[in-house]
Amino acid sequence: MARRKKVYEGKAKVLFEGPEPGTLVQYFKDDASAFNNTKRGIITGKGVLNNRISEYIMTRLNDVGVPTHFVRRLNMREQLIKELEIIPVEVVVRNVSAGSISTRLGIPEGTPLPRSIVEYRYKSAELGNPMVSEEHITAFGWANTQDLDDMLALALRINDVLSGLFFGVGIRLVDFRLEFGRLYLDEEMQIVVADEISPDNCRLWDMDTGEKMDKDRFRHDLGRVEEGYQEVARRLGILPESGPRDLKGPKVMQ
Ligand code: UDP
């Protein structure tokens, strides 16, 4: 890694100052954590795969007019991103019951939900990212109603785009978590997708077998964790072995 100023270090990524004002370099580590950081480990090669997978997804979103912070991938583990003012609210979109909604509401894992359900969490590791309502978000000033309207519309649009993208390669998008930030352009402010979109923050199940291909393999010690991430990359046609100039489109499943 070149010597440069570290701006922030999280559990799975490091942010460095970027080459120009208003940019950052996002470095993907192999470190994994779960259950509010009480379980930790290393998933060898995860950073390389998530850098690729997130690049692919953010590029597809940019292609359909969903604004994201992604500018371009720089190398195996780094991407250039736009610096945002991060909104301390995580947005979870669910299509099928799994994880905390199954536990909280007693809905068996794998039950399709009557419609896509959106949840908000206050982004605070110390508090364990508690679920909050729009009331909390606007009352405490984390985001205003216009920000929330934009975040909700983008989250549902992203759910449609990603559900279709993964469906095309035989993967069910069970749920995922998004982060947003504010991008200031002269007088204008735009709500933009931040962070990463990868098997670290999505639940991805094989359409036919139901096999998990995401961080649940690590959370619940299911084994073959790297293989799960690799399989997602392989189906999207972006395994790093294919080389940076050799990006293929998704492999269509019959
Ligand atoms: N998620 C995440 N970070 C978190 C908590 C959840 O990326 O701190 C993702 C998780 O991978 C899943 C979705 O958000 O795709 C919904 O997670 P859930 O509420 O079921 O929580 P979990 O079971 O992961 O604790």
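A quick note: this is a predicted structure, and the numbers were derived from the prediction, not measured. (Residues numbered from 1 in each chain as written. Predicted model: local features only at pLDDT ≥ 70, side-chain atom pairs only at ≥ 80, totals over all residues. Heavy atoms only, no water.)

## Quick word on helix 1 (residues 46-63)
Selection rule: Here a helix means four or more residues in a row that DSSP labels H or I, a strand means two or more in a row labelled E, and each is numbered from the N terminus. In a helix, the anticipated span is given by 1.5 Å times the number of residues less one.
In a regular helix each residue adds 1.5 Å, so 18 residues correspond to 26 Å; helix 1 covers 25 Å between its end C-alpha atoms and thus fits that length. With its phi angle positive at about 90°, Gly-65 sits one or two positions after the end of helix 1.

## Overview of the site of the ligand
The line we're drawing: By convention in this text, a residue qualifies as near a molecule or strand provided that one of its non-hydrogen atoms is within 4 Å of it. Under this definition, polar contacts are N or O atom pairs within 3.5 Å; protein pairs additionally need one hydrogen-donor-capable and one acceptor-capable atom, and for neighbouring residues in sequence, both atoms have to be side-chain atoms. We get accessible surface area from the Shrake-Rupley algorithm with a probe of 1.4 Å; when it comes to residues, only the shown protein chains can shield them. Note on residue classes: Ala, Val, Leu, Ile, Met, Phe, Trp, Tyr, Cys and Pro are nonpolar, Asp, Glu, Lys and Arg are charged, and everything else, Gly too, is polar.
In the vicinity of the ligand lie 15 residues, with Arg-94, Ser-100, Arg-121, Asp-175 and Arg-203 positioned nearest. Between an oxygen atom of the ligand and a side-chain N or O atom of Asp-175, the distance comes to 2.5 Å. Within the side chain of Arg-203, a nitrogen or oxygen atom sits 2.7 Å from an oxygen atom of the ligand. Taken by itself the ligand offers 500 Å² of open surface, and the protein chains cover 81% of this. Those elements giving two or more residues to the shell around the ligand turn out to be strand 8 (85-96), strand 11 (171-185) and strand 13 (202-206). Sort the elements by how many residues they give to the shell around the ligand and strand 11 lands first, with three residues. Looking at the shell around the ligand residue by residue, the classes come out as four nonpolar, four polar and seven charged.

## What to know about the packing of aromatic side chains
Note the threshold: The pairing test for Phe, Tyr and Trp rings, Trp by its six-membered ring, is centres within 6.5 Å, and the orientation test on the planes gives stacked under 30 degrees, edge-to-face over 60, and tilted for anything in between. Throughout this description, buried means an accessible area under 20% of the type-specific maximum (1.4 Å probe, protein chains only), exposed means over 50%, and partly exposed covers the range between. We call a charge positioned over a ring when the NZ of a Lys or the CZ of an Arg lies within 6 Å of the ring centre and within 35 degrees of the ring normal.
Within the structure shown, the criterion is met by two aromatic pairs. Summarising the aromatic geometry, the rings of Tyr-122 and Trp-142 are spaced 4.0 Å apart at their centres and angled 10° between planes, so their arrangement reads as stacked. Remark: Trp-142 occurs in the loop between helix 3 (134-139) and helix 4 (145-167) and Tyr-122 occurs in strand 9 (residues 112-122); sequence separation between them is 20 residues. The interplanar angle of 35° and the centroid separation of 5.4 Å between the aromatic rings of Phe-140 and Trp-142 together place this pair among those described as tilted. On the basis of relative accessible area, Trp-142 is assigned to the buried category, the value being 15%. Its guanidinium or amino end placed over the ring of Phe-218, Lys-39 lies 5.2 Å from that ring's centre, counting from NZ or CZ.

## Concerning the pattern of salt bridges
The condition that has to hold: Criterion for a salt bridge: a side-chain nitrogen of Lys or Arg within 4 Å of a carboxyl oxygen of Asp or Glu.
Tallied over the full model, the rule gives 30 salt bridges. The partner of Asp-175 in a salt bridge is Arg-203, with the nearest N and O atoms 2.8 Å apart. Of this pair, Asp-175 sits in strand 11 while Arg-203 sits in strand 13, and the two are 28 residues apart along the sequence. Comparing Asp-175 with Arg-203, the two get one shared label, buried. Across the pair Glu-179 and Arg-177 runs a salt bridge whose closest N-O atoms are separated by 3.8 Å. One continuous salt-bridge network, built from bridges that share partners, spans Arg-94, Arg-104, Glu-119, Arg-121, Asp-175, Arg-203, Asp-216 and Arg-219.

## Looking at the sheet that holds strand 6 (residues 70-73)
For clarity, the threshold we go by: Two strands are counted as paired when DSSP detects at least two bridges linking them. Orientation is described by lines fitted to C-alpha atoms, with helices fitted over the stretch in contact, and by angles between N-to-C directions that extend from 0 to 180 degrees. Contact definition: two residues touch when any of their heavy atoms are within 4.5 Å.
A sheet is described by the order of its strands in space; here five strands give the open sequence 1-2-3-7-6, paired in antiparallel fashion. In the strand order of this sheet, the two ends are held by strand 1 (6-9) and strand 6, each with one partner. On average, each strand axis in the sheet is tilted by 25° relative to the strand beside it, whichever way the strands run. Note that strand 3 (residues 23-28) and strand 7 (residues 78-82) share five bridges and pair antiparallel. Each bridged residue has a counterpart across the sheet, and for Val-25 the counterpart in strand 7 is Leu-80. Docked against the sheet, helix 1 engages strand 3, strand 6 and strand 7, running at close to 135° with respect to strand 6.

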